[in-house]
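Fold and contact review
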Amino acid sequence: MRPRLWLLLAAQLTVLHGSSVLQQTPAYIKVQTNKMVMLSCEAKISLSNMRIYWLRQRQAPSSDSHHEFLALWDSAKGTIHGEEVEQEKIAVFRDASRFILNLTSVKPEDSGIYFCMIVGSPELTFGKGTQLSVVDFLPTTAQPTKKSTPKKRVCRLPRPETQKGPLCSPITLGLLVAGVLVLLVSLGVAIHLCCRRRRARLRFMKQLRLHPLEKCSRMDY
């Protein structure tokens, strides 16, 4: 691409806003270092013989912003890389109306805003851009430099032992008491009968002793 056209492009990038003709997704993406990322640019117009350019803006948009030409997609030649670009890391391919910028082994210095662009006659049309942030550690990834804080020990009082086995109901207690009373009454009756039998036996023995004495006295008379 001629230098004069790039000067025109750099001047217009500071004032032009993204067009709905080129829709870029996602608007923002954060990836981890050395990972692969794919940025999409969908064209809403017919691009049979046109070229799709991919540019990178390394710092926030300003009058001194620098835009770097990364690569373009050509229907006949495929991916054409810009100067001073690591070609093994960048590739552009087409999927129907979508033009994909594929970045591999990304580094934190690859962070920036990525624009897709088409060159018309004479206007330039840009997408709204995709902001890429490359970090060493994602929020969900544990950082090895952080030391894990020990957990606080919580002293717990021992729980009282619960009584095992079935509980005695009032009916069961009543039956047990009644059974004890019946046993006590039966024991009392048995003792009373035993005493009566013993007394009767003693009376009978006394009578046997008295009868022979009476017979002897009568014979003497």
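All residue numbers refer to positions counted from 1 along the written sequence of the respective chain. The model is predicted, so local features are restricted to residues of pLDDT at least 70 and side-chain atom pairs to those at 80 or more, both for listing and for counting; the totals for chains, interfaces and linings are taken over all residues. Hydrogen atoms and water are omitted, and side-chain values are computed over all heavy atoms in the structure.

1. Brief notes about the packing of aromatic side chains
Geometrically, a pair of aromatic rings is defined through the distance of the ring centres and the angle of the planes. Stacked, tilted and edge-to-face are the three classes applied to pairs of Phe, Tyr and Trp rings, where Trp contributes its six-membered ring and a pair requires centres within 6.5 Å; stacked means planes under 30 degrees apart, edge-to-face means over 60, and tilted covers the rest. Evaluation of the coordinates by the stated rule reveals 2 aromatic pairs. Between the aromatic rings of Y53 and F69, the centroid separation amounts to 6.0 Å while the plane-to-plane angle is 55°, which identifies the pairing as tilted. Residue Y53 is located in strand β4 (residues 52-57), and its partner F69 is located in strand β5 (residues 67-74); the two are separated by 16 residues in the primary sequence. Residue Y53 shares its accessibility class with F69, and that shared class is buried. Numbering goes from the N terminus for both helices and strands, where a helix is a DSSP run of H or I of at least four residues and a strand is a run of E of at least two. Only protein chains enter the accessibility calculation, which uses a 1.4 Å probe; a residue is then buried when its area is under 20% of its type maximum, exposed when over 50%, and partly exposed in between.

2. Notes on a positive patch on the surface
Within the patch definition used here, like charges are joined within 9 Å and nonpolar side chains (Val, Leu, Ile, Met, Phe, Trp, Tyr) within 5 Å, considering only residues with over 30% relative accessible area and no salt bridge. Per-residue accessibility takes into account occlusion by the displayed protein chains alone, with areas from the Shrake-Rupley method and a 1.4 Å probe. For this analysis, a salt bridge means a side-chain nitrogen from Lys or Arg found within 4 Å of a carboxyl oxygen belonging to Asp or Glu. Neither His nor the chain ends contribute to the count of charged residues, in which Lys and Arg are positive and Asp and Glu negative. To locate a charge, take NZ of a lysine, CZ of an arginine, CG of an aspartate or CD of a glutamate. Taken together, the side chains of R196, R199, R203, K206 and R209 make up a positively charged region of the molecular surface. Turning to its location among the elements, R199 is positioned in helix α2 (residues 170-220).

3. What to know about the sheet that holds strand β8 (residues 98-103)
What links the strands of a sheet is backbone hydrogen bonding, and the strands pair in either a parallel or an antiparallel sense. Strands sit in the order β1-β3-β8-β7 across an open sheet of 4 strands; the sheet is antiparallel. In this open sheet, the two strands that pair with only one neighbour each are β1 (22-25) and β7 (90-95). With strand direction ignored, the average angle separating the axes of adjacent strands in the sheet is 20°. When DSSP locates at least two bridges between a pair of strands, those strands are taken to pair. To get an axis, a line is fitted to the C-alpha atoms, and for a helix only the part in contact is used. The angle between two axes follows their N-to-C directions and goes from 0 to 180 degrees.

4. Describing the UniProt feature "transmembrane region" (unreviewed entry) in the chain
UniProt positions are given in the numbering used here, feature names are shortened, and annotations may be inferred rather than shown by experiment. Residues given the UniProt feature "transmembrane region" (unreviewed entry) here are residues 173-195. In the segment residues 173-195, helix accounts for 100% and strand for 0%; the C-alpha atoms at its two ends are 33 Å apart.

5. So, the state of the cysteines
Note on terminology: a disulfide is the covalent bond linking the sulfur atoms of two cysteines. We call a pair of cysteine sulfur atoms a disulfide whenever their separation is within 2.5 Å. Scanning the model with the defined rule gives 1 disulfide in all. Linked covalently through their sulfurs, C41 and C116 form a disulfide whose S-S length is 2.1 Å. Between C41 and C116, the S-S torsion sits near 65°, and that sign places the bridge as right-handed. Taken together, the residues C41 in strand β3 (residues 37-43) and C116 in strand β9 (residues 112-119) connect sequence positions 75 residues apart. Judged by relative accessible area, which is 0%, C41 ranks as buried.

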